Amino acid sequence: MNKPINISSNHKMESVIHIKGLQMSFGALDVLKGIDLEVYKGENVGVLGKSGSGKSVLIKLMIGLLKPKAGQVQVLGLEVDQLSGRKLDEIRLKMGFSFQSSALYDSMSVYQNLAFPLTMNVLDLTKKDVDDAIEEVLTAVNLLDKMHQMPADLSGGQRKRIGIARTLILKPEIMLYDEPTSGLDPVTSAEINELILEVQSKYNTSSVIITHDLTCAKTTCNRIAMLVDGQFLKVGSFEDVFNSKDEQIISFYNYNFIQ
C-alpha cells in the first residue's frame, strides 16, 4: 500500500488553493460560516463531514458554480468569483472534477467518453494524439482492455476509474474528488484509494477529497479538515484531528470508521 507523498520536505510550500473567511448562505440557512483553508502544491487534503455539512457547496465555490456571500476563494492565484467567461473556463480546465456518480455518457464507449473532453478543449489534435492520450490514461487506471466497452458493461469500480481517467486526460493541476469510494465494496474502495495515491505521485496533482469515508481519508490524505456546522473544527493530519477530545469529532469517528 502506497502512502501520500510527503510534501513537507519541499523547501517552499506553494499554495494552490487559498480560502479565507469563506461564508455561504441559502436564504436564512448559513452553510459555511467563515472557513479558512490552504491546499499546497502536491498534497491531498480531505474535507470530512456529515451529509449536509457543506462539503459539496465548498467544491462548487472552488470551481465558480456558486458565488460566496463573503470571503475569498483563490485558485492558482486567481479570485474565482471575479472570473467570468473565458478566464473562468481556463481555470476550470486546470481543475479536474471526479464526480461521485462517475458521470459517463451511457451512449458512448469508453474511448468516446475519453476523447470527448480532449477534442472539445484542445485544438489541432491528430487521431494519433487522441489515441496516445487515451492509452496513457487508461494504462494509468489499469483499464486499457476496456477501451471499446460501453459504461453499462463495467462494474461500479471500473466506472469510477474511467471517470478519473477522463478527468486526467486534460492533465489538470488540481483534482477534486467527490466521495470517490461511495457505494463501493471494501476491496474496490481500497483499489480507488490506491489509484488516488498513484495519481498524486505520477501526475503531481494537488487534490481536495470530499468524503465521509475515514478509511479513504486516512489512506489518501496528507491533511484533513473536519467540517461541522459550517466551520472547520480542526485541520491537520488524520492522527492530529482524531486524537481530539472534541465530542463532535469523537462521535463522527465512532460512527464512521471501519477498521
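First, a word on what this report is: a plain description of the structure on this page. (Residues numbered from 1 in each chain as written. Predicted model: local features only at pLDDT ≥ 70, side-chain atom pairs only at ≥ 80, totals over all residues. Heavy atoms only, no water.)

### A few points about the pattern of salt bridges
Item 1. Applying the stated criterion across every chain, the model contains six salt bridges.
Item 2. A salt bridge links R86 to E90, with the shortest nitrogen-to-oxygen separation between them at 3.1 Å. Here the residue R86 and the residue E90 both occupy positions in helix 2 (residues 85-93), the gap between them amounting to four residues, near one helical turn.
Item 3. In this structure R86 comes out as exposed when scored by relative accessible area, which is 63%.
Item 4. Overall, E90 belongs to the partly exposed group, its relative accessible area being 32%.
Item 5. Between K127 and D131 there is a salt bridge, and its shortest N-O distance comes to 2.9 Å. With K127 and D131 both in helix 4 (residues 127-140) and four residues apart, this pair spans about one turn of that helix. (Salt bridge = Lys/Arg side-chain N within 4 Å of Asp/Glu carboxyl O. Helix = DSSP H or I, 4+ residues; strand = E, 2+ residues; numbered from the N terminus. Buried < 20%, exposed > 50% of the residue type's maximum accessible area, 1.4 Å probe, protein only.)

### Structural notes on the nonpolar core
Item 1. Formed by 43 residues in total, the largest nonpolar core has its most connected members in L114, I134, L138 and F242.
Item 2. Broken down by element, the residue count for this core peaks at six residues, all from helix 4.
Item 3. Among all residues touching I134, those that are not within four sequence positions of it are Y111, L114, A115, M147 and I169.
Item 4. Residues L22, L32, V45 and L88 belong to the second largest nonpolar core, which totals 32 residues. (Core = buried A, V, L, I, M, F, W, Y, C linked by side-chain atoms within 4.5 Å. Contact = heavy atoms within 4.5 Å.)

### Observations concerning a nonpolar patch on the surface
Item 1. Residues Y105, F116 and M120 make up a contiguous nonpolar surface patch of about 310 Å² in total accessible area.
Item 2. With respect to the helices and strands, F116 occurs in helix 3 (residues 110-121).
Item 3. The exposure class assigned to F116 is partly exposed, which follows from its relative accessible area of 32%. (Patch = residues over 30% accessible without salt bridge, like charges linked within 9 Å, V, L, I, M, F, W, Y side chains within 5 Å. Areas by Shrake-Rupley, 256 points an atom, 1.4 Å probe, with all protein chains shown as cover.)

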